[in-house]
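Single-letter residue listing:
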Amino acid sequence: MSAYQEEYLLAKEDPKKFWAKQAEHINWFTEPSIILQQDNNGIERWFPDGVLNTCWLALDYHCEQGRGDNVALIYDSPVTASQCQYTYSQLREQVSKIAGMLAKQGVEKGDRVIIYMPMIPEAAMAMLACARLGAIHSVVFGGFAPHELAVRIDDAHPKAIMTASCGIEFTTVIPYKPLVDKAIEISHWKPNKVFVFQRPQHRAELSQSYDLDWQEEVAKAQPHSCVPVLATDPLYILYTSGTTGKPKGVVRDNGGHAVALKYSMGAIYNVPQNGVYWAVSDVGWVLGHSYIVYAPLIHGCTSILYEGKPVKTPDAGSFWRVCAEHKVNVLFAAPTAFRAIKKEDSDGAHIGKYDLSKLQTIFMAGERLDPPTLSWAQEKTRKPIIDNWWQTETGWPIVANPMGIEPMPVKAGSSTKPVPGYHLEILNEQGEVLGPNQQGFIAIKRPLPPSCLPTIWQNHQRFESGYLDIFPGYYVCGDGGYFDSDGYLFIMGRIDDVINVAGHRLSTGEMEEVVAGHPAIAECAVVGVSDELKGQLPLGLVVLKDGVKVNNTQLEEEIVDIVREKIGAVACFKQALIVERLPKTRSGKILRKTIRQIADGEDYAVPSTIDDPSSLSEIEKVLER
Ligand code: COA
Ligand code: AMP
């Protein structure tokens, strides 16, 4: 039996024994005596009587073990032309003072804190400081508009918000404080305090009663020690797009998360304790939570926090420059980033300029790794390129090529095989298990492994109805796909109204709600269409209210503006076309899949349930224009 098969079967046949063993690799305050137990909602919970602190695992434990002088974090910021680094003991010192600053303002275990920050070390410190106190952080991506921030404030009820005076996108300085003020103005829940980290590129005016200057407060703060929490206590809430306008607050616990991430660093990413690990993402996404902050630090690596882009900061050689300069062993980024590099440097001329001898493996995730990008990266870098498939809800890979157990041959279009701990099945609409090469819903058989969400914040019903009730005994991921006859999984895309733009998960349902708010619009549909660089881009089709006369270009501009204002620039909503009517079934359901197929120039079958087939020819004509 292969090493992978052996480990996979161990985890499948006796999950408690398997995960009890993995739990030995983290430093508990009180080791768990119970490995797996159902909670009052009937949800499986890992290590329920274990006591720990995630910040302790990420910082203090290494200092205690004599690794305090090792570099924990390197900040590399081409957009500010600066760099700095923190050893484990320096990072612990900073984080414990930030925790002290929060505690002084009344933040305690279980309180929520929203973090709305650019990619600066203080963003990671803020997360770790919350973890240190047992407070629950909720990081909101800086590309989201005030309305989105307000929705999260109203759901999470934070006691405090931590922000910075500005972010920097390429060469544009974006003041953050006015966005936070606007969000607080429109939210119903009001935080007590807003901590503002002042950056030299733009200083924020601190004129609100809730404002506090971060640097001044830290200077006065007393260091705070790690507060013990239960394994099942929440570490963070991370909002992610669902099919409605209201994002889902994915809850992550402390114990299962630490155990699963620690396991993944060896089994999947195959990085040694002192290795240099670089995940190129943003702390606003799950990749940033798991693989910029928590996993590399829990594992004792040096993590790189990069404030820049794959291209134009200053050129398409940035990734290779950072890898060479900081001796990166593992690089992890979204395929979009490599498509952007490929577009500007298709021959890979920049790659040859740098010493990449320390770089072992390049991992990609967050969206489909398209075969042309895979083969370009393989050919130009001559490094193993490893796809891995997962989602905010799980916090770590579901399917991957387990480089630390047994590297397997790569098949283009497949993320390889289920990670030990996950038992996957492909199900048809009736919930029956399908065989090889049959496409259906990808479902994880319960119990879900450690780190997977136990609930949706403030809305357990949504967790049950959205993921668990569809096929009893299974968790439904929201992606469709199939296994080939070698057991490789091929992801074929979302089965719901979620799209993926430049590795960012967005809801077309939410965009529809915003577009429909325009006074001239009777109804609309937003679908994700293929894009060479960003994977997908949203396209809006709108039907005007009877009698409304508009200038088409002006209307499109207005619609683009409201999506930007309500959701944010990150939605990349740039196109809205007027149609007479939307194609629908006789029961009134908009045929979004067919619209997408037409927009992508794919062959499509006219659905037998269509109400008015001529509505499709109109869409074809409008899209041709
Ligand atoms: N704060 C404020 N605005 C932000 C932002 C942030 N943190 N991140 C993105 N935006 C804005 C951008 O400035 C841009 O605004 P614009 O329409 O005014 O130009 C808009 O959101 C769209 O951003 P993006 O989709 O990132 O496009 P881009 O053209 O700026 O950059 C790439 C293109 C390919 C370089 C960029 O998408 C990239 O680096 N992708 C990698 C993907 C990635 O890491 N995803 C995380 C996966 S987990
Ligand atoms: P997020 O929760 O933002 O990480 O987005 C998760 C979704 O992104 C998944 O449900 C998939 O639809 C998509 N996704 C992530 N990684 C991959 C991958 N390696 N291959 C295909 N799709 C992916």
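The numbers attached to residues start from 1 for each chain and follow its sequence in the written order. For naming, the first written chain is A and the first written ligand is 1, with later ones following in the order written. The model is predicted, so local features are restricted to residues of pLDDT at least 70 and side-chain atom pairs to those at 80 or more, both for listing and for counting; the totals for chains, interfaces and linings are taken over all residues. Side-chain metrics in this entry use all non-hydrogen atoms of the structure; hydrogen atoms and water are not considered.

Note the following rule: UniProt positions are given in the numbering used here, feature names are shortened, and annotations may be inferred rather than shown by experiment.
An unreviewed UniProt entry lists the chain under the name Propionyl-CoA synthetase, with Vibrio zhanjiangensis given as the organism. UniProt, in the comment section headed Sequence similarities (unreviewed entry), describes the chain in these words: "Belongs to the ATP-dependent AMP-binding enzyme family."

A short note on the overall build of the chain
Our working definition: Comment: elements are numbered from the N terminus, with helices defined as DSSP H or I runs of at least four residues and strands as E runs of at least two. We compute the radius of gyration over the C-alpha atoms and compare it with the globule rule, which gives 2.2 Å times the number of residues raised to the power 0.38. Classification of residues uses two cut-offs on accessible area relative to the type maximum, computed with a 1.4 Å probe and protein chains only: under 20% is buried, over 50% is exposed, and between them is partly exposed. For this analysis, residues touch if any pair of their heavy atoms sits within 4.5 Å. In these tables, accessible area is a Shrake-Rupley quantity obtained with a 1.4 Å probe, and a residue counts as shielded only by the protein chains included in the view.
Within the chain, the secondary structure is distributed over 18 helices and 31 strands. Taken over the C-alpha trace, the chain has a radius of gyration of 24 Å; the compact-globule value for 625 residues is 25 Å, and the two agree within 12%. For the C-alpha atoms alone, the extent of the chain along its principal axes is close to 70 × 65 × 60 Å. With 625 residues in all, the chain has 60% of them scored as buried. Counting contacts in the chain only where the partners sit at least 6 residues apart, residues at least 24 apart contribute 70% of the total. Surface accessibility of the chain: about 24100 Å² in total, with carbon and sulfur atoms responsible for 48%.

So, the packing of aromatic side chains
This is how the line gets drawn: Classification of ring pairs uses Phe, Tyr and Trp, with its six-membered ring standing for Trp, and accepts pairs whose centres are within 6.5 Å; under 30 degrees between planes counts as stacked, over 60 as edge-to-face, and the remaining range as tilted. In this scheme, Lys NZ or Arg CZ marks a charge over a ring once it lies within 6 Å of the ring centre and within 35 degrees of the ring normal.
Applying the stated rule across the entire model yields 33 aromatic pairs. Ring centres 5.0 Å apart and planes at 90° place the aromatic pair phenylalanine 18 and tryptophan 19 in the edge-to-face group. Tryptophan 19 sits in the buried class, given a relative accessible area of 1%. One aromatic cluster is present, formed by Phe18, Trp19, Trp28, Trp46, Phe47, Tyr263, Trp396 and Tyr422 through successive ring pairs. Here the guanidinium or amino end of lysine 411 rests over the ring plane of tyrosine 488, the centre of that ring lying 4.6 Å away. Here the guanidinium or amino end of lysine 445 rests over the ring plane of tyrosine 474, the centre of that ring lying 5.9 Å away.

Remarks on the packing of helix α12 (residues 335-344) against helix α13 (residues 371-381)
Inclusion rule: Every angle, taken between N-to-C directions, lies between 0 and 180 degrees, and every axis is a line fitted to C-alpha atoms, over only the stretch in contact when it is a helix. Oblique is the label for every angle not falling under 35 degrees (roughly parallel), over 145 degrees (roughly antiparallel), or within 65 to 115 degrees (roughly perpendicular). Crossing handedness is defined as follows: a turn of the near helix away from the far one that is anticlockwise and smaller than a right angle gives a left-handed crossing, while the clockwise case is right-handed. Each residue receives one of three labels: charged for Asp, Glu, Lys and Arg, nonpolar for Ala, Val, Leu, Ile, Met, Phe, Trp, Tyr, Cys and Pro, and polar for the others, Gly being one of them.
α13 packs onto α12 with a crossing angle of 65° between their chain directions and a minimal axis gap of 10 Å. The orientation of α12 relative to α13 falls into the category roughly perpendicular. Crossing geometry of α12 relative to α13 is assigned as left-handed. Across the interface between the two elements, Pro335, Phe338, Arg339, Ile341 and Lys342 from α12 touch Pro372, Thr373 and Trp376 from α13. Grouping the amino acids of the contact of α12 with α13 by side-chain chemistry returns 5 nonpolar, 1 polar and 2 charged.

Focus: the UniProt feature "domain: AMP-dependent synthetase/ligase" (unreviewed entry) in the chain
With numbering matched to this structure, UniProt assigns "domain: AMP-dependent synthetase/ligase" (unreviewed entry) to residues 65-447. Along residues 65-447 one finds 30% helix and 26% strand; the C-alpha atoms at either end are 34 Å apart.

Brief notes about the side chain of asparagine 254
Filter applied, for reference: Side-chain atoms alone can form a polar contact between residues adjacent in sequence; in general such a contact is a pair of N or O atoms within 3.5 Å, and within protein one must be able to donate a hydrogen while the other accepts it.
For asparagine 254, the location among the structural elements is in the loop between β15 (248-253) and α9 (255-267). Of note is the side chain of asparagine 254, whose polar atom sits 3.4 Å from the backbone oxygen of proline 234. Setting aside residues no more than four positions away along its own chain, asparagine 254 makes contact with Leu52, Thr54, Val229, Leu230, Ala231, Asp233, Pro234 and Leu235.

Remarks on the site of ligand 1
This is how it is decided: Residues are counted as near a molecule or strand when any one of their heavy atoms sits within 4 Å of it.
The local shell around ligand 1 holds 23 residues, among which Glu169, Pro310, Ala502, Lys534 and Arg564 are the closest. Within the contact set of ligand 1, a nitrogen atom lies 3.4 Å away from a backbone nitrogen or oxygen of glycine 142. Here alanine 502 contributes a backbone N or O atom positioned 3.3 Å from a nitrogen atom of ligand 1. When the free accessible area of ligand 1 is taken as 950 Å², the share hidden by the protein chains comes to 81%. Across the shell around ligand 1, the residue classes tally to 13 nonpolar, 6 polar and 4 charged.

Brief notes about the nonpolar core
Note the following rule: The criterion is simple. A nonpolar core is a set of buried Ala, Val, Leu, Ile, Met, Phe, Trp, Tyr and Cys residues joined through side-chain atoms within 4.5 Å.
Counting residues in hydrophobic clusters, the biggest one holds 124 residues, and the most contacted among them are Met162 and Tyr291. If you look at the next biggest cluster of nonpolar residues, it comprises 40 residues, including Leu149, Val194, Met511 and Ala520.

Quick look at the state of the cysteines
To keep things clear, this is the line we draw: Two cysteine sulfurs form what is called a disulfide whenever their separation falls within 2.5 Å.
Counted according to the given criterion, the structure contains 0 disulfides. The thiol sulfur of cysteine 452 is not disulfide-bonded, and the nearest other cysteine sulfur, from cysteine 477, lies at 8.8 Å.

Points about the UniProt feature "domain: AMP-binding enzyme C-terminal" (unreviewed entry) in the chain
Here, the residues flagged by UniProt with the feature "domain: AMP-binding enzyme C-terminal" (unreviewed entry) are residues 510-589. Summarising residues 510-589: 28% helix, 30% strand, and an end-to-end C-alpha distance of 17 Å.

Observations regarding the pairing of strand β17 (residues 302-306)
Short version of the rule: Paired strands, as defined in this entry, are two strands with at least two bridges between them according to DSSP. Note on handedness: a clockwise path from strand one over the helix to strand two, with the strands aimed away from the viewer, defines a right-handed crossover.
Most of β17 is tucked away, with 5 of its 5 residues classed as buried. Side chains Thr302, Ile304 and Tyr306 project from β17 onto one buried face, and the interleaved Ser303 and Leu305 project onto a second face that is buried too. Sheet topology note: the strand β4 (residues 71-77)/β17 ladder contains 4 bridges and is parallel. Counted as the bridge partner of tyrosine 75 is leucine 305 from β17. Sheet analysis places strand β16 (residues 276-280) next to β17, joined by 2 bridges and oriented parallel. Bridging across to β17, valine 276 finds its partner in threonine 302. At this point the chain moves from β16, through helix α10 (residues 286-299), to the parallel β17, and the crossover so formed is right-handed.

Digging into the pattern of salt bridges
Applied cut-off: Here, a salt bridge means any side-chain nitrogen of Lys or Arg that lies within 4 Å of a carboxyl oxygen of Asp or Glu.
Overall, the coordinates contain 32 salt bridges when judged by the stated rule. Of the charged contacts in the structure, one is a salt bridge between lysine 246 and aspartate 155, with a shortest N-O distance of 2.8 Å. In this pair, lysine 246 sits in the loop between β14 (234-240) and β15 while aspartate 155 sits in helix α6 (residues 146-156), placing the two residues 91 residues apart along the sequence. Here lysine 177 ties to aspartate 181 by a salt bridge, and the two come within 3.1 Å at their closest N and O atoms. Here aspartate 181 and lysine 177 lie together in helix α7 (residues 177-186), a separation of 4 residues that amounts to about one turn. Accessibility classification places lysine 177 together with aspartate 181 in one group, the buried group. Salt bridges sharing partners connect three or more residues here, namely Asp39, Arg45 and Asp253.

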